[in-house]
Amino acid sequence: MKSIIQKAGSILFLLFLIFSFNAKTNAQPDAAALYQQYCAQCHGSDLNGGNATSLVDGVWQFGAEDGYVIRNIKHGIPHLGMPSYERSLTDEEIRAVVGYIREAEKEEGAVKPPAPEMVETMDYFMEVETFADNLEIPWAIDFIDENTALITERPGRLRIVENGVLQAEAVKNTPQVLHEGQGGLLDVAVDPEYERNGWIYLAYSHELKEYEGNRPPAMTRLVRGKIENNTWTNEELLFEAPPETYRTTRHHYGCRIVFDPWGYLYFAIGDRGAGYQAQDFSLPNGKVHRIHKDGRIPENNPFLYDDEAMKSIYSLGNRNIQGMAIHPETGELWTTEHGPMGGDELNMIESGKNYGWETITYGRNYNGTIITELTHMPGMEQPNFYWKPSIAVCGLDFYRGNLFEKWKNRLLVGALKYEEVRLLQIEEERVVHEQVIFKGAGRVRDVSTGPDGAIYVVLNNPGKVVRLTPEE
Ligand code: HEC
């Protein structure tokens with residue numbers, strides 16, 4: 001009898017232990033940690049936006065009340081790329097994250113510390129100066145010559161910096177862009193033979209005009225033109241996807257433009273939110289494309305003789321490339337690809353190869369769910385390097401200048417989420433060293449070697465461009 005009571009007692013005690021343990025861990029989900037794990041990638045580690053909107057600017061496009069905010073987190077906003085968290089966060093955790101957002105909203109207005117004026121790296125002390133300021137979501141920079149830089153602003157403006165002065169008026173008559181979600185005016189690239197031909201290339205999000213309905217499908221489009229009297233002229237269409245391949249989503253457009261030493265032009269289109277389509281070579285999305293500078297298809301493109309294939313495709317299985325660079329000596333094409341959570345990649349792209357998305361990946365969905373267990377597959381390439389956790393790679397260039405001698409031909413990698421520029425040393429296609437050379441001044445959207453040998457970093461939030469030079 002006694003032993004039964006004792007047993008019942010110890011079982012009760014055990015239950016009590018389990019209950020109190022659970023109560024303790026469930027009592028207060030660590031909202032800050034949950035936010036950093038699940039949301040920071042897109043909404044920024046300071047909640048101030050990045051690849052998605054700010055959550056602390058007081059603007060609630062999809063409803064301001066808690067009920068709406070909770071619903072948007074729980075069910076996501078699929079056409080814009082906002083994942084659903086129904087399966088990975090409990091209601092209580094979602095409420096805790098909303099509480100965390102509300103607290104941060106109250107504190108908003110606190111002034112962000114200004115960018116540092118001097119930075120120490122392993123090899124150099126660097127001076128940091130503001131090159132252009134008060135820009136709205138600057139996306140890319142390229143240079144016509146030592147004195148003239150072109151900067152795109154995502155809402156659709158092409159800006160000129162002349163002798164260090166940002167011209168007040170944007171270039172007139174540039175193409176009309178769809179500025180929604182991640183879309184807008186994206187890359188700008190100056191023809192390597194600009195002095196002879198005057199061509200400038202633009203990539204942007206383009207919507208189907210003939211469409212009847214409230215959300216026209218969109219896709220990435222490429223044009224080239226010239227600037228005369230601050231006006232965009234002589235426009236030529238270089239790439240436009242067939243209308244039936246346009247998508248109503250508003251994210252993963254790519255798009256960078258680079259030229260190799262043989263005169264080919266490469267650009268990439270992101271998967272437009274449809275990962276499986278990256279494996280389908282009849283579709284433009286999730287691919288690297290190669291064309292001649294006037295838009296013609298090169299005669300040695302890899303899928304030229306496949307009836308179903310889009311003839312401009314150069315590689316497949318690329319999720320959302322936001323960094324592209326040509327090696328200054330070998331002419332190889334290198335890309336950084338914005339991955340899912342834990343799947344940011346660096347790839348050297350070769351003709352006709354398949355880079356795996358979304359059949360294989362090192363990442364998971366942003367809401368924590370599994371995309372695939374597979375990281376390898378015969379016939380699919382491994383990345384040359386990948387970042388886990390993701391740093392949100394964006395913008396890529398080989399250092400080609402003379403100011404930082406030790407960094408010659410190293411790769412400069414921008415990171416939106418980590419607000420960093422990293423420097424990668426590559427030997428035989430492998431990354432042998434990585435160091436952070438710049439950090440904490442804003443999200444890095446693009447990074448570029450200028451004709452003067454300085455490193456130019458395009459920042460979002462605040463929207464500006466800084467110029468890095470070694471201390472004299
Ligand atoms: C993969 C990127 C991504 C991740 C990760 C992500 N979001 Fe979003 N979120 C978006 C996008 C895109 C939108 C739509 C608005 C826009 O275009 O930026 C959005 C919208 C929202 C909105 C509605 C904003 C409004 O203006 O009404 C809320 C609230 C929100 N997200 C909260 C969260 C929270 C909380 C998390 C983490 C649990 C999270 N998001 C994770 C991409 C993301």
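An unreviewed UniProt entry lists the chain under the name Glucose/arabinose dehydrogenase, beta-propeller fold, with Tangfeifania diversioriginum given as the organism.

Draft legend 1. Examining the coordination of the iron atom of the ligand more closely. With distances of 2.0 to 2.1 Å, the protein atoms coordinating the iron atom of the ligand are His43 (NE2) and Met82 (SD). Every donor counted, the 6 donor atoms about the iron atom of the ligand form angles of 88 to 179° at the centre, which fits octahedral coordination. Of this pair, histidine 43 sits in helix H3 (residues 40-43) while methionine 82 sits in the loop between helix H4 (66-75) and helix H5 (91-107), and the two are 39 residues apart along the sequence. Among the residues examined, histidine 43 registers a relative accessible area of 12% and is labelled buried.

Draft legend 2. Inspection of the domain arrangement of the chain at higher detail. For the chain, the assigned domains are domain 1 (2-107) and domain 2 (121-470). A C-alpha centroid distance of 34 Å is found between domain 1 and domain 2. Listed by partner, the interface residues are 21 residues for domain 1 and 21 residues for domain 2. Here domain 1 meets domain 2 over a buried area of about 1700 Å², counting both sides, of which 46% is carbon and sulfur. In this structure, the connection of domain 1 to domain 2 is made through 1 salt bridge. Counting across the domain 1 and domain 2 interface gives 8 residue pairs in polar contact (both at pLDDT 80 or more). Looking at the side of domain 1 that touches domain 2 element by element, the count peaks at 3 residues for helix H2 (residues 31-38). The residue makeup of the side of domain 1 that touches domain 2, split by class, is 6 nonpolar, 13 polar and 2 charged.

Draft legend 3. Molecular detail of the site of the ligand. As a structural note, the neighbourhood of the ligand is formed by 23 residues, with Cys39, Cys42, His43, Thr53 and Met82 the closest of them. Note that an oxygen atom of the ligand is positioned 2.9 Å from one of the backbone N or O atoms of glutamine 61. In this structure, an oxygen atom belonging to the ligand sits 2.9 Å away from a main-chain N or O atom of phenylalanine 62. Secondary structure elements with two or more residues in the shell around the ligand: H3, H4 and H5. Residue composition of the shell around the ligand, by class: 18 nonpolar, 5 polar and no charged.

Conventions and cut-offs
Residues numbered from 1 in each chain as written. Predicted model: local features only at pLDDT ≥ 70, side-chain atom pairs only at ≥ 80, totals over all residues. Heavy atoms only, no water. Donors = N, O, S within 2.8 Å, 3.2 Å for Na, K, Ca; no water. Tetrahedral: all angles 85-135°; square planar, octahedral: opposite > 155°, others 65-115°. Helix = DSSP H or I, 4+ residues; strand = E, 2+ residues; numbered from the N terminus. Buried < 20%, exposed > 50% of the residue type's maximum accessible area, 1.4 Å probe, protein only. Domains from an automatic or database assignment. Contact = heavy atoms within 4.5 Å. Buried area = accessible area lost by both parts, 1.4 Å probe. Salt bridge = Lys/Arg side-chain N within 4 Å of Asp/Glu carboxyl O. Polar contact = N/O pair within 3.5 Å; in protein donor to acceptor, adjacent residues only side chain to side chain. Nonpolar A, V, L, I, M, F, W, Y, C, P; charged D, E, K, R; others polar. Near = heavy atom within 4 Å.

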